[in-house]
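# Overview (structure and organization)
Listed below are the residues making up each chain.
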Amino acid sequence: AKCNLDPAITTRTGFPQNTCIDSVSPTINVTNVKRTSPADQIQDLGIPSSSTWLKVGIYEISISVVDNMGGSGVDANYYPVTIRSAGTDNTFDTFDDRVYSTTRTTVDSATSKFSVWVGSASNFLNDCVDQQEGNCRVRVYARDLAGNSIWKDIPLNIDFTPPTAQ
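Bear in mind that the values here come from a model prediction, so they are computed numbers and not experimental data.

Helices and strands together make up the secondary structure of the protein, namely 1 helix and 12 strands. Along the chain direction, N to C, the helices and strands of the protein fall in the order β-α-β-β-β-β-β-β-β-β-β-β-β. The 166 residues of the protein split such that 34% are buried. Within the protein, counting contacts between residues at least 6 apart in sequence, those at least 24 apart form 59% of the total.

Following this line, the structure appears as structure tokens:
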């Protein structure tokens, strides 16, 4: 944030004294992925990486949003999330994508979470239905009190087909 604490600057530029301009967006961090269903397979997966694969179940994704030093602060009332499954063409943002919108719930002032359902398309409750590396994408949005917004994509690898014996 750029701040004016000097009365001489106010006189010269008209920029009010004791005023700050925040032009930097906050930062979004994924802090944890936890499998929450089925009950006998609850597992904390930690921070997702390219080697993290999700099978059938419900997953809770936790994120933190942090504003820049001296910034206006995170807008605590802005929590949209879009979950997009790539469809049969394995390409995002095309006609066959499955798209779900949800919001995050607040855990504390810096952390929020939301659920992603993984499984076949035959269950209409499932968000991520297309198996393959990166074929499900979660886009998390955030903004600060000055209106600077940002989004972060979280690619998810999906494999819910059990192996077969040879």
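As a further point, take the pairing of strand β4 (residues 43-46). In regular strands, side chains alternate between the two faces of the sheet. Direction of pairing for strand β3 (residues 27-37) relative to β4: antiparallel, over a ladder of 3 bridges. Looking at the pairing, Arg35 lines up with Gln43 of β4. From the end of β3 to the start of β4, which pair antiparallel, there are 5 residues.

The subject of this paragraph is the pairing of β3. Strand direction decides the pairing type here: β3 and strand β6 (residues 57-66), joined by 9 bridges, are antiparallel. Bridging from a neighbouring strand, Arg35 pairs with Tyr59 of β6.

Looking now at the environment of Val66. Residue position: Val66 is located in strand β6. Residue Val66 is classed as partly exposed on the basis of its relative accessible area, which comes to 42%. Taking the C-alpha atoms as reference points, Val66 and Thr111, 45 residues apart in sequence, are found 9.2 Å from one another. Apart from the residues lying within four places of it in its own chain, the contact partners of Val66 are Pro26, Thr27 and Val74.

Here we come to the sheet that holds strand β7 (residues 80-85). Overall, mixed pairing links the 5 strands, which are arranged β5-β12-β11-β7-β8 in an open sheet. Pairing within the sheet leaves two strands with one partner each, and these edge strands are β5 (53-54) and β8 (98-103). Across 6 bridges, β7 lies against β8 in antiparallel orientation. If you follow Ile83 over to β8, its bridge partner there is Tyr100.

By the element assignment, Asn148 lies in the loop between β11 (132-143) and β12 (149-158). At 2.9 Å, the side chain of Asn148 forms a polar contact with the backbone oxygen of Asp22.

What follows covers the nonpolar core. Counting residues in each nonpolar core, the largest one holds 22 residues, and the members touching the most others are Ile61, Val116, Val138 and Leu156. Apart from the residues lying within four places of it in its own chain, the contact partners of Val138 are Ile61, Val81, Thr82, Ile83, Phe114, Val116, Lys152, Asp153, Ile154 and Leu156.

Under the counting rule described, the total for this entry stands at 0 aromatic pairs. Of note, Arg137 hangs over the ring of Phe92, and the distance from its end group to the ring centre comes to 4.5 Å.

This brings us to the sheet that holds β4. One open sheet holds the 5 strands; their spatial order is β4-β3-β6-β10-β9, and the pairing between them is antiparallel. Edge positions in the open sheet fall to β4 and β9 (105-106), since each of these has one partner strand only. In this structure, β6 lies alongside strand β10 (residues 111-118), joined through 8 bridges in antiparallel fashion. Bridge pairing in β10 links Ile61 to Phe114.

A few words now on the pattern of salt bridges. Under the definition given, this model contains 7 salt bridges. Of the charged contacts in the structure, one is a salt bridge between Asp93 and Arg84, with a shortest N-O distance of 3.4 Å. Among the salt bridges present, the one from Asp153 reaches Arg139, with a minimum N-O distance of 2.7 Å. Placement of the pair is Asp153 in strand β12 and Arg139 in strand β11, with a sequence separation of 14 residues.

Calculation criteria
Residues numbered from 1 in each chain as written. Predicted model: local features only at pLDDT ≥ 70, side-chain atom pairs only at ≥ 80, totals over all residues. Heavy atoms only, no water. Helix = DSSP H or I, 4+ residues; strand = E, 2+ residues; numbered from the N terminus. Buried < 20%, exposed > 50% of the residue type's maximum accessible area, 1.4 Å probe, protein only. Contact = heavy atoms within 4.5 Å. Pairing = 2+ DSSP bridges. Polar contact = N/O pair within 3.5 Å; in protein donor to acceptor, adjacent residues only side chain to side chain. Core = buried A, V, L, I, M, F, W, Y, C linked by side-chain atoms within 4.5 Å. Phe/Tyr/Trp six-rings, centres within 6.5 Å; stacked < 30°, edge-to-face > 60°. Lys NZ or Arg CZ within 6 Å of the ring centre and 35° of its normal. Salt bridge = Lys/Arg side-chain N within 4 Å of Asp/Glu carboxyl O.

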